[in-house]
Amino acid sequence: MLDIKWIRDHPDAFVKGLTDRGFDDPGATLNRILSLDEQRRTTIQQLQDAQARRNAASKEIGQAKQAKDETRAEALKEEVARLKTAIQDGEAAEREVNRLWHLLLAHIPNIPAADVPVGPDADSNKVLREVGTPTKFSFQPKQHFELGEALGLMDFETAAKLSGARFVVLKGALARLERALGQFMLDLHTSEHGYTEVNPPLIVRDEVMFGTAQLPKFRKDQYPTLQWVADIDGPKLKMTEHGLKRTDDPDAPWSSQDEEALQSIQREGALFREVYLQNPAGKWMDKLWRFELYRWLIPTAEVPLTNLVREDIVEQGSLPMRVTAWTPCFRAEAGAAGKDTRGMIRQHQFSKVELVSITTPEQSAEEHERMTECAETVLKRLEIPYRTVVLSTGDMGFAAQKTYDIEVWLPGQGTYREISSCSNCGDFQARRMSARYKAKGAKETRFVHTLNGSGVAVGRALIAVLENYQEADGSVRVPEVLKPYMGGLTKIAPAE
RNA sequence: GGAGGGGUGGCCGAGUGGUUGAAGGCACCGGUCUUGAAAACCGGCAGGCGCGCAAGCGUCUCGAGGGUUCGAAUCCCUCCCCCUCCGCCA
């Protein structure tokens, strides 16, 4: 979330930032947010004036009573009674304008850092460095799924029977290779890079997903979990013997989305629950009925790791805080239809070692470089060629100010593919989570900066190992650093 | 699934209608003392929002929303969240 004061003071930078990102109609967005902000402040001002008058009058009532001036006390009481309704209206108005204001702000992406190359898409990304040279083969290198399937250790058919498309069953040495990679990376980051290992929950609440900005805008990319409840009832919907029904209350507002929700509930038999939306400060409370959402499967460990400091005020001395986790990640991959349908490149479930740093604003830029190096070290040790690119404004994620992608060389595909993405989010996520720190010697609290990076994606690392370490006979050598984790196995060969 | 308990400042914890935005302690910051540190002592120290160049002023916040009242952290209603015990389960 952006700082509204910053937007007020830097309208041009705001419009430029959104324009560079390819955001839809930045000018209109600016006008909308500024007018909402104006409305919000007048509403607050009027409310506070009324409250101030009420408070003053209340005090006078006490004084009048002490002075035995009953007439005056009565007159004041009447005034307070009048003010009371005005205040109630004002409070309702404030809530509503706050809600709209907050909702709009929540849908606006972060502003790119000044040194990010400007461009509409990935073609404008800049390669910073290439490490290693693309592996040369005396034969035509195969793609990872050809190798894996030939080895009999990678099974997409069975996975489809169990779970549908975009899942895989790994067996034997490949299953172990996945474990070896994850463990190697975790060991590297904890013992050499100063990260603390964390084993976080994989299922999280709405507000946690909001904090790292998966919600509200990217709901469709996420996997919700369901929980059944028995006593379903509410102003708009009722649970009857025949399922969920609309109440007959003609005053209940009803939209096409509501209708859709109801149908979906009945179709899926999904959970229906009353939800209270609120920010960490407990404001802009909004009560609404929502179907099927209970909690979310994490799309990356960035979510629980970053939210570790949500609603906290941490001591400056504890920054930078560095945490890492090796977890499964779940992505609906909505909108990725037809992309990378073969093989393990794009799955609904994959595992990843994630790096997260919480820093002061002064530390974050340097930490970003450091984190990227930590991720690169993984590939260096695995002796796999890669290159590091800085993403252009049009290719960055919603929450990022600046992002480095690390791309590994995949000989089977004859191209570099993303294996890690390291982002500095500035205070964008911290605002959403209300994660602050007490600056040394200073009175005020400040928002922390948050950074996250893959260190690295384990599934894709496995692909990279297969393709870069393949032999003419379809076997795969085990990278030197992984041998201890593979029980001394040096080569994954086809079954005799 | 059943039964109970509880949500107060960065943390712990007092407070059951009237200078309580909130005692006390810890942590933190400044100072005295000390060669330095610790200890001790003195002082400071909640957050958000609005207005203001600032000093500051106003307002809100004791999980959230609503209600009672001249007045609510304290009373009432609804909801959210957490914990404990029993049952079931990994």
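Residues numbered from 1 in each chain as written. Chains lettered and ligands numbered in written order. Predicted model: local features only at pLDDT ≥ 70, side-chain atom pairs only at ≥ 80, totals over all residues. Heavy atoms only, no water.

1. Regarding the overall build of chain A
Okay, so step 1: Broken down by element type, chain A carries 13 helices and 22 strands.
Okay, so step 2: Here chain A holds 496 residues, and the buried ones make up 49% of them.
Okay, so step 3: Nonlocal contacts in chain A, meaning residues at least 24 apart in sequence, comprise 70% of its contacts between residues at least 6 apart. (Helix = DSSP H or I, 4+ residues; strand = E, 2+ residues; numbered from the N terminus. Buried < 20%, exposed > 50% of the residue type's maximum accessible area, 1.4 Å probe, protein only. Contact = heavy atoms within 4.5 Å.)

2. Some words on the packing of helix α7 (residues 172-191) against helix α13 (residues 458-468)
Okay, so step 1: Interhelical geometry of α7 versus α13 gives an angle of 115° and a closest axis separation of 9 Å. Once α7 is placed against α13, the crossing between them reads as right-handed. Only Val458, Ala461, Leu462, Val465 and Leu466 of α13 make contact with α7, whose side of the interface consists of Leu174, Leu177, Glu178, Leu181, Gly182 and Met185.
Okay, so step 2: Tallied by class, the residues present in the contact of α7 with α13 amount to nine nonpolar, one polar and one charged. (Axes fitted to C-alpha atoms, helices over the stretch in contact; angles between N-to-C directions. Left-handed = near helix turned anticlockwise from the far one by under 90°. Nonpolar A, V, L, I, M, F, W, Y, C, P; charged D, E, K, R; others polar.)

3. Quick look at the side chain of Glu407
Okay, so step 1: With respect to the secondary-structure elements, Glu407 resides in strand β16 (residues 402-410).
Okay, so step 2: At 2.7 Å, the side chain of Glu407 and the side chain of Arg387 are in polar contact.
Okay, so step 3: Contacts of Glu407, omitting those with residues within four sequence positions, involve Pro385, Tyr386, Arg387, Val389, Tyr416, Arg417, Glu418 and Ile419. (Polar contact = N/O pair within 3.5 Å; in protein donor to acceptor, adjacent residues only side chain to side chain.)

4. Concerning the side chain of Thr359
Okay, so step 1: Relative to the helices and strands, Thr359 is located in strand β14 (residues 349-359).
Okay, so step 2: Residue classification places Thr359 among the buried residues on the basis of a relative accessible area of 0%.
Okay, so step 3: For Thr359, the residues in contact, after removing those within four places along its chain, are Leu319, Pro320, Ser364, Glu367, Val448, His449 and Leu451.

5. Remarks on the pattern of salt bridges
Okay, so step 1: This structure, assessed with the given rule, holds 21 salt bridges.
Okay, so step 2: In this structure, Arg310 engages Glu311 in a salt bridge whose closest nitrogen and oxygen atoms are separated by 2.8 Å.
Okay, so step 3: You can call Glu311 partly exposed: its relative accessible area is 43%.
Okay, so step 4: Glu367 is the partner of Arg322 in a salt bridge, and the nearest nitrogen-oxygen pair spans 2.7 Å. (Salt bridge = Lys/Arg side-chain N within 4 Å of Asp/Glu carboxyl O.)

6. Concerning the pairing of β14
Okay, so step 1: Among the 11 residues in β14, 10 count as buried, and that is most of the element.
Okay, so step 2: Judged from the 10 bridges that link them, strand β13 (residues 321-330) and β14 form a sheet pairing that is antiparallel. The partner of Cys329 across the bridge, within β14, is Phe350.
Okay, so step 3: Pairing of β14 with strand β20 (residues 449-457) involves seven bridges; the strand directions are antiparallel. (Pairing = 2+ DSSP bridges.)

7. Looking at the nonpolar core
Okay, so step 1: One finds Met154, Leu177, Leu181, Met185 and Ile492 to be the most contacted residues of the largest nonpolar core, which totals 50 residues.
Okay, so step 2: Of all elements in the fold, only α5 (144-151), α7, β14, α11 (364-382), β16, β17 (415-424), β20 and α13 reach the threshold of two or more residues within this core.
Okay, so step 3: Top contributing element to this core by residue count: α7, with nine residues.
Okay, so step 4: Excluding its chain neighbours within four sequence positions, the residues that come into contact with Met154 are His144, Phe145, Gly148, Glu149, Val168, Val169, Leu170, Leu174, Met344, Leu462 and Leu466.
Okay, so step 5: One finds Ile7, Phe23, Leu30 and Ile33 within the second-largest nonpolar core, a separate group that totals 23 residues. (Core = buried A, V, L, I, M, F, W, Y, C linked by side-chain atoms within 4.5 Å.)

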